[in-house]
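The lines below spell out each chain.
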Amino acid sequence: MLKHPSLMHLIDIESLSAETINALLAAANAILKGHAVKISQNIAENTPVATLFYENSTRTRFSFHLAASRLKMTCLDFTREGSSASKGESLQDTAATLVAMGAKILILRHPEAHSAEQLKEIVGDKASIINAGDGAHAHPTQALLDMLTIQHHKKKFNDLRVAIIGDVLYSRVARSQICALTKLGVKAIHVIAPTVLLPQDIHRWPVVLYDDIAAGLKEVDVIICLRIQKERMPSDLFPDVVAYHEQYGLTQERLLLAKPDAIVMHPGPMNRGVEIESSVADGKQSVILEQVHNGVALRMAVLSAIAEERCQ
Ligand code: NCD
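About the criteria used
- Residues numbered from 1 in each chain as written.
- Predicted model: local features only at pLDDT ≥ 70, side-chain atom pairs only at ≥ 80, totals over all residues.
- Heavy atoms only, no water.
- Domains from an automatic or database assignment.
- Contact = heavy atoms within 4.5 Å.
- Buried area = accessible area lost by both parts, 1.4 Å probe.
- Salt bridge = Lys/Arg side-chain N within 4 Å of Asp/Glu carboxyl O.
- Helix = DSSP H or I, 4+ residues; strand = E, 2+ residues; numbered from the N terminus.
- Nonpolar A, V, L, I, M, F, W, Y, C, P; charged D, E, K, R; others polar.
- Axes fitted to C-alpha atoms, helices over the stretch in contact; angles between N-to-C directions.
- Parallel < 35°, antiparallel > 145°, perpendicular 65-115°, else oblique.
- Left-handed = near helix turned anticlockwise from the far one by under 90°.
- Buried < 20%, exposed > 50% of the residue type's maximum accessible area, 1.4 Å probe, protein only.
- Arc of directions from axis to C-beta.
- Pairing = 2+ DSSP bridges.

Turning our eyes to something else, we now look at the domain arrangement of the protein chain. By domain assignment, the protein chain separates into domain 1 (18-139 + 294-310) and domain 2 (141-291). Put simply, the middle of domain 1 and the middle of domain 2, counted by C-alpha atoms, are 26 Å apart. Contacts between domain 1 and domain 2 engage 26 residues on the former and 25 residues on the latter. Taken together, the two surfaces of domain 1 and domain 2 that pack against each other cover about 2000 Å², and 57% of this comes from carbon and sulfur. Of all residues in domain 1, L25, H139 and N294 give up the largest surface area on contact with domain 2, accounting jointly for 32% of the area buried on that side. Along the contact surface separating domain 1 from domain 2 lie two salt bridges. E55 serves as the salt-bridge partner of R172, at 2.8 Å between the closest nitrogen and oxygen. Elements represented by at least two residues in the side of domain 1 that touches domain 2 include exactly α1 (18-32), α3 (59-70), β3 (105-110), β4 (128-134) and α12 (288-310). Ranked by residues supplied to the side of domain 1 that touches domain 2, first place goes to α1 with eight residues. For the side of domain 1 that touches domain 2, a count of residues per class yields twelve nonpolar, nine polar and five charged.

Okay, here's the thing in structure tokens:
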């Protein structure tokens, strides 16, 4: 049986070594092949999980629920609307309440950057924290499931050119992906976006910038489209989605500029016809639903690693 990767919290990719990333990918692969990374009934019973989602989510929330239930862990489901947070209860008090009921892993999605780290400081060693997306800061399980999906198609990371197109400014996914891809040693990361959708410190990131999508897609093995996150932007920042699609949308025609076996990824939810043409999203090169499928196994690997570590 595979040894569990050693993990107590999962806040961001920066805190993981390449060795831990590879161990989590190996554990998720074993789960996908049916060699479930087993945790004992005792450990599962002793590790109730709570999802604290202060933002809407389909994929990430259901994926964590399914992962916990496949591991036979109890999963408490918190959402802002259906809970006392709607009466003004603070994150700190909500977390303390769930921990008092016995939750040992808190999975947090929150609109504020660095809230997962802050919750970790507050909760101390009473529970482990998994960051399920905090503001524009980090979304580590999304980046890990993306690495797992890339690995299935491309085997070795160090030969790869990866293009990331779109709203990098508001994207926690892009930040975590870039960190993971860098740790895994890819050859190059092309960031393709208009200047208004780039963070001010982008020049310090380990990426090559392209304003022109045709130049940026040349020779790439992996294309990641990002959602235009209109709900996070000031309304005047991004007035025209039609013009955006014309300049930066991934179309069939533009896909031909990448390597013929390039894969197309998107973390979802998609704005079809904006960052990605519908026929590309559903096309032969798209692995978008594989990403979703792999997410459950990856999250099982993360939850079981943390549960094992807590019960040592
Ligand atoms: C992403 C998120 O919420 O950060 N989606 C996801 O978790 N699958 C990306 C997005 O909302 O665009």
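In the contact formed by helix α4 (residues 91-100) and helix α5 (residues 115-123), the axes pass within 11 Å of each other and the chain directions differ by 55 degrees. Regarding the angle of α4 to α5, the classification is oblique. Both α4 and α5 take part in a crossing whose hand is right-handed. On α5, the residues that touch L91, Q92, A95 and V99 of α4 are L119, I122 and V123. For the contact of α4 with α5, the per-class residue count stands at six nonpolar, one polar and no charged.

Inspection of helix α9 (residues 241-248) places Y244, H245 and Y248 among the buried residues, and these make up the whole buried set. Considered in projection along α9, the buried side chains sweep an arc of 100 degrees and stay on one side of the axis. The exposed residues of α9 that point more than 90 degrees off its buried face are V242 and E246. At its buried positions, α9 is contacted by β5 (161-165), β6 (188-192), α8 (213-217) and α10 (252-255).

In sheet architecture, strand pairing relies on hydrogen bonds along the backbone and comes in two forms, parallel and antiparallel. The four strands are arranged β2-β1-β3-β4 in an open sheet whose pairing can be described as parallel. In the strand order of this sheet, the two ends are held by β2 (75-79) and β4, each with one partner. Across this sheet, the average inter-strand angle for adjacent strands is 15 degrees, counted without regard to direction. Bridge count for strand β1 (residues 49-53) against β3 is five bridges, and the pairing is parallel. Note on β3: the bridge partner recorded for F53 is R109.

All buried positions along α5 are accounted for by S115, A116, L119 and V123. Taken around the axis of α5, the buried residues stretch over an arc of 100 degrees, which confines them to a single face. Contact partners of the buried residues in α5: α4, β3 and β4. Positive phi appears at G124, one or two residues downstream of α5, with a value of about 65 degrees.

Taken together, five strands build an open sheet; the order of strands is β7-β6-β5-β8-β9 and the sheet is parallel. What marks the edges here is a single partner per strand, and that holds for β7 (208-210) and β9 (263-265). Averaged over all neighbouring strand pairs, the angle between strand axes comes to 20 degrees, with direction disregarded. Of the pairings in the sheet, the one linking β6 to β7 comprises three bridges and is parallel in character. Bridged to I192 within β7 is Y210.

Another aspect to go through is the environment of A67. Residue position: A67 is located in helix α3. With 236 residues separating them in the primary sequence, A67 and L303 have C-alpha atoms 7.8 Å apart. With residues up to four places along the chain from it excluded, the contact list for A67 reads V296, R299, M300 and L303.

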